[in-house]
Amino acid sequence: AATLTGQVRVFLEHRRVIGIIHFVVMLFFSSIAFSMLESAMSVIFSRPVRIQRRNFLVSAIIPYVYVLAIGLGIALVSVIAGALEILGTKQLLLLGWRLSLEGTSIVALYALGILGEVLMLTSIYLVMPGVRIAFRHALIGGMTATILWEITRRVLVWYYSVISMVNLIYGSFATIVVA
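(A) Quick look at the overall build of the chain. Counting its secondary structure elements, the chain contains seven helices and two strands. Tracing the chain from N to C terminus, the helices and strands come up as α-α-α-β-β-α-α-α-α. Counting all 179 residues of the chain, 18% fall into the buried class. Partitioning the intrachain contacts of the chain with sequence separation of at least 6 by distance along the chain shows that 60% fall at a separation of at least 24. Split by element, the accessible area of the chain, about 14,200 Å² in all, is 73% carbon and sulfur.

See the structure below:
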């Protein structure tokens, strides 16, 4: 315990330097991961005609644009979630009928999440391959991937809540094991 505490103390003393190094390393490896994804998508969507390779700078900038777009999307969803939470406490008066908007925030957030997922996957299918993909085909791919993702998510939630004994076996480490 003393050795571990000493190492944590040294880490915390140099957290600013380690944070900067960690940030640079994270950017470097995310760029490599996106370039691998780009290469894989180019193989999947290869054409028999000669393809012009994308400029290296464009390929290097794409991951950072995606990270920025995802961050902005999360901020937008947070703002909308707050607005919907406030809206959920209100009532709508329509032709003398009082309609409660209590459950609308949950449905609207779920629909917004699905729409964001479709748009993100569609953009990946549009941008990542080195060839031009029709928007319609990318949208179909994004919708299909979203549906498969949601089915997989629901099955996993059901499995871990009903059948799995991961909580009994791993206890407090169950979240790490599942992740």
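(B) Representation of helix 5 (residues 135-163) within the structure. For helix 5, spanning 29 residues, the distance from its first C-alpha to its last is 41 Å, which sits close to the expected 42 Å at 1.5 Å a residue. Within the span of helix 5, buried status applies to Ala138, Gly141, Gly142, Ala145, Thr146 and Glu150. Buried-residue contacts for helix 5 involve helix 4 (104-127).

(C) Focus on the environment of Glu150. Residue position: Glu150 is located in helix 5. When its relative accessible area of 11% is taken as the criterion, Glu150 is described as buried. Expressed as a C-alpha distance, the spacing of Glu150 and Glu117, which sit 33 residues apart in the sequence, is 10.0 Å. When sequence neighbours within four positions are dropped, the list of residues in contact with Glu150 reads Tyr110, Ile114 and Glu117. Within the structure, Glu150 has its side chain in polar contact with the side chain of Arg153 (distance 2.6 Å).

(D) Highlighting helix 4. In this model helix 4 runs 34 Å from its N-terminal to its C-terminal C-alpha over 24 residues, within 8% of the 34 Å that 1.5 Å per residue would give. When helix 4 is considered as a whole, its buried residues turn out to be Ser105, Glu117, Val118, Leu121, Thr122 and Ile124. Considering only its buried residues, helix 4 is in contact with helix 2 (15-44), helix 3 (56-87) and helix 5.

(E) Layout of the pattern of salt bridges. Under the defined criterion, the tally for this structure stands at one salt bridge. Between Arg153 and Glu150 there is a salt bridge, and its shortest N-O distance comes to 2.6 Å. Within this pair, Arg153 and its partner Glu150 are both found in helix 5, separated by three residues, close to a single helical turn.

(F) Broad picture of the confidence of the model for the chain. Chain-level pLDDT for the chain is 78 on average; 87% of the residues reach the 70-or-more range. Within the chain, helix 5 carries the highest mean pLDDT (88), whereas helix 7 (residues 174-178) carries the lowest (70).

(G) Representation of the environment of Ala81 in the model. Assignment of secondary structure puts Ala81 in helix 3. Judged by relative accessible area, which is 23%, Ala81 ranks as partly exposed. Put simply, Ala81 and Leu109 are 28 residues apart on the chain and 6.7 Å apart in space, counted from C-alpha to C-alpha.

Reading the values: the criteria
Residues numbered from 1 in each chain as written. Predicted model: local features only at pLDDT ≥ 70, side-chain atom pairs only at ≥ 80, totals over all residues. Heavy atoms only, no water. Helix = DSSP H or I, 4+ residues; strand = E, 2+ residues; numbered from the N terminus. Buried < 20%, exposed > 50% of the residue type's maximum accessible area, 1.4 Å probe, protein only. Contact = heavy atoms within 4.5 Å. Areas by Shrake-Rupley, 256 points an atom, 1.4 Å probe, with all protein chains shown as cover. Expected span 1.5 Å × (residues − 1). Polar contact = N/O pair within 3.5 Å; in protein donor to acceptor, adjacent residues only side chain to side chain. Salt bridge = Lys/Arg side-chain N within 4 Å of Asp/Glu carboxyl O. pLDDT = per-residue confidence, 0-100.

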